[in-house]
Every structure is written in C-alpha cells, then in structure tokens.
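Take a look at the letters that make up each chain.
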Amino acid sequence: IDSAFKQQKLKAWQPILTPKYVISCFTIIGAVFIPIGVAIMMASKDVLEVVISYGGTCKADRYRKTGLPCVIPFTLSNNDGWNSRDVYVYYQLDNFYQNHRRYVQSRAARQLSGDDMNIDTSGVISSAFATLSDCQQFADKYTDPGTTSKDFATAPSVYNYPCGLVAASMFNDTIYIDRGGVHVEGWKTGCDTLPGSGLAPGTPCPRNAEGVAWPSDVDKKFRSPGVGWISKNCRYVGGIDDGFIDPALYAGEKVLLQPVANCTLGPSDFTGPRCKYRVHLPRADGSGFDPNHGIYNCWHNLTDQDFMVWMRVAALPSFRKLFRKIPSGQLHGGASYNLTIIDRFPVEPFGGSKSVVLSTVSWIGGKNDFLGTAYVAVGAICVALALVFLVAHLVSPRKLGDPAYLDFNK
C-alpha cells in the first residue's frame, strides 16, 4: 500500500512557468507552425481540381424514362499538370448523412467477409437469420418477385446478399470520361464481351474497379463466393451495371441465367433491390433447366471495389469517395472532354446534390486550404502572444521568488 505509485510520489517534471519559459515556447511554436502552414498552402495551391455538379442537370429518372445517358462537356484548365500527373476521379455527395447511428449499424460484417456463409464450399444454405441479424431488419429481405401467390404475407422471401441500409443505398451512377468518343483509360475493360452485358463495343466496365479500395478491405473484409455456391444459393443475381459477380464466372458451368423483367413486385414494404437474372440448374436427365431453390438475391459483387469504398461510411454529410484513377498522360490541359453519366442515384428526396471531381494530389493529399490557413493562424497567434508577454515583461517586470526555497514536503 505504501508505494510511491499509490501515494503519488513518483518523480515528475513540474515546470515553473517563468516569463522567459512562456515567451520561448510561444516563439518556438510560432516559428514551427508558420513555415509548415505556408508549405501546406503552397502544396494545396499546386493541386489541380475541377468540380462538375450534375445533380440539377441530370435527373435520376432520365435514363429510366429515355434510355439515354446525360452528357456534360467540360474543359480542363491550361496546365501541364493534368498530363504529367495521375488524376483521381471522385464522386461527391452533399447532405447525405452516412454517419446516422442506425444507418451505420445496418450491415452484416460476417456476411461481407464470408464468415458463417460457407462460401468456400458448394453447400446449400437453408437459413439466413444468423448472417442477417446485424442488418436490423433493414433491407434484409423482400417477397420473391417470382411468386404466384396473391397473399404477400405468406409468400416466400428472398434474402439480400449483401443486406443492410448501407449496401442497399450504394451510389450506383455510371460515370465515363471520353474525348471525341475515345474513352479515357482508368476504367476496367472487357465487360462488353461478357454474355448479357448489354454494353456497346468498346464501353468500359461500369463497376468492378481496381486500385480504389483499401488493401485491407480487398484482402480481408470482403469476400465473394465461388460459382458452385452461387449456382445453388443465389436465386437471383444482378447485372453488369450493378456490379454483379461477372457472368464470365459461369463460363464452362451448366448454369442458365434467365432475365427477370421486374425485381420489385408486390407492395412497397416488400420491394427489393436490383437484380437481373433468375438462376436455373440443369436437370439430372439433361432434358433442360429448372429454377434453383436458393434463398438469396446476390444483387452485387462483394469484391467490387466501388462497393468497398461505399461501405466505408463518411463522418460528415458532405463527402467525396474515390471512383477511378486516371494514369498520367491521359488528360491534357486546355482540352475539352465529355462527362457521360447514367444517372440512377436520386438526391432530390433528401435535398442533396452530387458532383464529379477531378483532382491531382500533392504530398498533403488533395486540395485543402483550411489546413494551411489553420497552421498559419495558430502560429501567428503564438508569435503575437510572445510579443505581448515580452513587452509586458520589459515594461513591468515581476520579481520572482527563488524556486529553491520551495519544499513540497512541509
């Protein structure tokens, strides 16, 4: 009991704040912060950035009604940095509260990582409750759109894979950049040749990006099942434009994917997310195909890096998320380009806005004028306080006692 630690008698440094000590500290802080702030401001000024707001120009129902994408022309500033540096493409949302408590919690981590899903086998899963409970009954199931029952209360359910509000509200606009009809590099290619893609020849993949998600997410937190598991457990699967597990995975497998006209049948409380195909398996006698008995709507590819980026929720209502990385040499300062957007993500219901941001980076990251200004302001305040204390000390000095006479044992 009678120890130095418990009796709070450990040795400690107890500085006495003399004028010389205080003035020196403020001066050193100011001398360090001001140059750092100036360097950050110069680095931020060197970042090239263009923000293209399209929420008011492109309406979310345009593509659904007309089948035509929204095309917005833009011109880059006349700067060689657009050509000599990598350019990062972001989408920006405003007034979207990803930090809402119940929204953040509505996700199933065990489902995303493949735990308790037996995705490494071809076994059939008959119960989905264990992996869906974390979604808190938000966007976790809906009535099977293929049911012929008129009683939706007793109709069979289809479980979402992935489930939850975060996944179901994923930003799903398709964004391309081209110049004279030639698409800019930075988008994955080859999806136009996949069966049932519906993409025009030469069109890059709308989803399944590469190099935009955190390595830890790619390696550990998000895993998708194999073809055998999908064929038995996924009643429905999504399409190329929804980031579905590429139909190329079915090459050589005897699986029939039949298009589904509508995945949102039934009353509004039972409507489901996007899906495109009904999965069929071959009969034992080889005479044809029958629908499988899977319980999941595998509407999105969990290893799609666009999906991984979205699942890392933002702390503020206005945020940017990395969409693509354009390698150096692709863009040219002063040149005109077309921003082609298939607008699916509505922002009008929550009074928000959305933009596409093209930006280079510096050693501090993207453009950030506030950080440099804050450093300079704090440094200037410290220098000003040091001068005030110095003048006060010179004009009206205060006689200090001798610290040697201090005795804390009495």
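Only a predicted model underlies this, so the values are computations on that prediction, with no experimental measurement involved.

A. A nonpolar patch on the surface, seen in detail. A surface patch of nonpolar side chains, amounting to about 560 Å² of accessible area, comprises Val 383, Leu 387, Leu 390, Val 391, Leu 394 and Val 395. Looking at where Val 383 falls in the secondary structure, it is placed in helix α11 (residues 369–395). When its relative accessible area of 31% is taken as the criterion, Val 383 is described as partly exposed.

B. Just the pattern of salt bridges, in detail. Evaluated as defined, the whole model comprises 9 salt bridges. The salt bridge involving Arg 223 is made with Asp 120; its shortest N-O contact spans 2.8 Å. Residue Arg 223 is located in the loop between α8 (215–221) and α9 (227–233), and its partner Asp 120 is located in the loop between α5 (109–113) and α6 (129–132); the two are separated by 103 residues in the primary sequence. For Arg 223, a relative accessible area of 30% corresponds to the partly exposed category. It is possible to trace a salt-bridge network through shared partners that takes in Asp 173, Asp 343 and Lys 354.

C. Broad picture of the sheet that holds strand β1 (residues 49–53). One open sheet holds the 4 strands; their spatial order is β1-β15-β3-β13, and the pairing between them is antiparallel. The two strands at the open ends of the sheet, each matched to only one other strand, are β1 and β13 (319–326). Neighbour-to-neighbour, the strand axes of this sheet turn through a mean angle of 20 degrees, independent of strand direction. Both strand β3 (residues 87–94) and strand β15 (residues 353–359) contribute to a ladder of 7 bridges, which runs antiparallel. Looking at the pairing, Leu 93 lines up with Lys 354 of β15.

D. Just the side chain of Lys 321, in detail. Among the structural elements, Lys 321 can be located in strand β13. Asp 217 provides the closest opposite charge to the buried, unpaired Lys 321, separated from it by 9.4 Å. Aside from chain neighbours lying at most four places away, what touches Lys 321 is Val 89, Tyr 90, Tyr 91, Gln 98, Val 309, Trp 310, Arg 312, Val 313 and Ala 314.

E. The arrangement of the packing of helix α1 (residues 19–45) against α11 in detail. Running from N to C, α1 and α11 cross one another at 155 degrees; their axes reach a closest spacing of 7 Å. Classified by the interaxial angle, the pair formed by α1 and α11 is roughly antiparallel. Here α1 runs over α11; the crossing is left-handed. Per-class residue counts for the contact of α1 with α11 are 22 nonpolar, 8 polar and 1 charged.

Basis of the calculations
- Residues numbered from 1 in each chain as written.
- Predicted model: local features only at pLDDT ≥ 70, side-chain atom pairs only at ≥ 80, totals over all residues.
- Heavy atoms only, no water.
- Patch = residues over 30% accessible without salt bridge, like charges linked within 9 Å, V, L, I, M, F, W, Y side chains within 5 Å.
- Areas by Shrake-Rupley, 256 points an atom, 1.4 Å probe, with all protein chains shown as cover.
- Salt bridge = Lys/Arg side-chain N within 4 Å of Asp/Glu carboxyl O.
- Helix = DSSP H or I, 4+ residues; strand = E, 2+ residues; numbered from the N terminus.
- Buried < 20%, exposed > 50% of the residue type's maximum accessible area, 1.4 Å probe, protein only.
- Pairing = 2+ DSSP bridges.
- Axes fitted to C-alpha atoms, helices over the stretch in contact; angles between N-to-C directions.
- Lys, Arg positive; Asp, Glu negative; His and termini not counted.
- Contact = heavy atoms within 4.5 Å.
- Parallel < 35°, antiparallel > 145°, perpendicular 65-115°, else oblique.
- Left-handed = near helix turned anticlockwise from the far one by under 90°.
- Nonpolar A, V, L, I, M, F, W, Y, C, P; charged D, E, K, R; others polar.

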